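# Tertiary structure, described
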Amino acid sequence: MKIRNFGVEIWMNGYETRCTHNLAETCVESLTIAQLLEMSGQPESALADLLPMKMTYGAIEGSDRLRHAIAGTYARQGIRNVVVTHGAIGANALVHETLVEPGDRVISVLPTYQQHYSIPASYGADVQILKLREENGFLPDLQELSRLATPGTKLIAINNPNNPTGSLMNETVLAEIAKIARACGAWVLCDEVYRGVDQEGDGFTASMADLYEKGISTGSMSKAYSLAGLRLGWITAPEELIQAVSIHRDYNTISVGVLDDHFAALALENRDKVLARSQAITRENLAILDAWIRQEPAIHYLKPRSGTTALLKYDLDMPSEQFCIELLDRTGVLLVPGSAMDMEGYLRIGYANSTDILRDGLARISEFLGPHRPTLS
């Protein structure tokens, strides 16, 4: 099996240890264990619960406690619809591995996390790209999707909220995608790793697993829950799919760590507090980013409606990788070049790090852009 280099991950691995201001980070500013225990309301007893814990294998599918907590974030799911994985990256990979065979038609949006088109392509699938366009608010063209979704299509892969654009499909759009999938018999995989930090309301949009009988939702503790260090994610889907996934999962997972399982359950049981913090950070920081873009003539964007990232269009005559390397070398600020996401001419910024890092990082980007402004068209 041959597979493309994973652009974003290779970029981050090569450069994130060299920066002083990481604006490529996609997680809401990470929690400490102390902060998480404080949110539990019983920090002393919560810590004491760890002391008798044996460092053996955990529950194979994830503990009942954790799967119950995960199911509680959905409207129509129970623990039998949930299996725990090594991050959402493990969840997505398992879904593709389970469903996709050579020659299957798979439709993936672009931009999105590269797994959703490079993994099925590596299996010999007929991968069709549904390009998300700025003029459509980076939302899928449903007529184009309907044309691509020929009879027998195996899988439609979407990402909601979207990485890197921050666009958000509401329940109506998701229901239309489900209708298109139903007509051709396709499964729908919705990568919902940023779910919980919408800019309006309670922060939660509808989930594909709740809307469609062949809907699959993946999530994790990394982004909205600020606990990437747990390396814990999940698949939520019909029981038949969970059973099929579990056959493949036996070959590469066994179980997640017992500490990961424990802390993830604790966080989800106190998700109102965890997500209140995350929503406060993302909403304040997006306002800061938006104000900066309004006064920065070299940059424009479509304001995100959710998530932790934005896709920036820049008006400089240089490739995105060159832009990011020069920016890093001169200022210490790290962004992700669009070329790493098959979106040349754009930059991805993560705005959910600490407010001080964001403010100072944006000021440094403006300093970098200064000499180029007279040449702008």
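Structure report, in brief.

Calculation rules
- Residues numbered from 1 in each chain as written.
- Predicted model: local features only at pLDDT ≥ 70, side-chain atom pairs only at ≥ 80, totals over all residues.
- Heavy atoms only, no water.
- Helix = DSSP H or I, 4+ residues; strand = E, 2+ residues; numbered from the N terminus.
- Phe/Tyr/Trp six-rings, centres within 6.5 Å; stacked < 30°, edge-to-face > 60°.
- Buried < 20%, exposed > 50% of the residue type's maximum accessible area, 1.4 Å probe, protein only.
- Lys NZ or Arg CZ within 6 Å of the ring centre and 35° of its normal.
- Salt bridge = Lys/Arg side-chain N within 4 Å of Asp/Glu carboxyl O.
- Pairing = 2+ DSSP bridges.
- Right-handed = clockwise from strand over helix to strand, strands pointing away.

### Observations concerning the environment of G137
With respect to the secondary-structure elements, G137 resides in the loop between β4 (126-131) and α7 (142-148). Between the C-alpha atoms of G137 and T165, which are 28 residues apart in sequence, the distance is 9.0 Å.

### Observations concerning the packing of aromatic side chains
Applying the stated criterion to the full structure yields five aromatic pairs. Considering the side-chain rings of F6 and Y113, the 5.0 Å spacing of their centres and the 55° angle between planes classify their relative orientation as tilted. In this pair, F6 is assigned in the segment before α1 (7-15) and Y113 in the loop between β3 (105-110) and α6 (115-122), connecting sequence segments 107 residues apart. Between Y314 and F323, the aromatic rings sit 5.0 Å apart at their centres with planes inclined by 45°, giving tilted as the arrangement. Judged by relative accessible area, which is 5%, Y314 ranks as buried. F323 gets classed as buried once you look at its relative accessible area, which sits at 0%. Grouping aromatic residues by their ring pairs yields a cluster made of Y314, F323 and F368. In this structure, R195 is placed above the aromatic ring of Y74, and the distance from its NZ or CZ to the ring centre is 5.0 Å. We note K313 situated over the ring of Y346; from NZ or CZ to the ring centre the distance is 4.6 Å.

### Some details on the pattern of salt bridges
Taken as a whole and assessed by the stated rule, the structure comprises 14 salt bridges. Residues R67 and D64 are paired through a salt bridge, measuring 2.9 Å at the closest nitrogen-oxygen approach. Taken together, the residues span about one helical turn, with R67 and D64 both in helix α4 (residues 64-71) at a distance of three residues. Overall, R67 belongs to the buried group, its relative accessible area being 8%.

### Looking at the pairing of strand β6 (residues 187-191)
Among the five residues in β6, five count as buried, and that is most of the element. Because side chains alternate across β6, one face comprises the buried residues W187, L189 and D191, and the other comprises V188 and C190, equally buried. Across five bridges, the pairing between strand β5 (residues 155-159) and β6 is parallel. Its bridge partner lying in β6, N159 is registered against D191. In this fold, β5 hands off to helix α8 (residues 171-184), which returns the chain to β6; that crossover is right-handed. Direction of pairing for β6 relative to strand β7 (residues 215-220): parallel, over a ladder of four bridges. Among the inter-strand pairings, C190 is bridged to a residue of β7, identified as S217.

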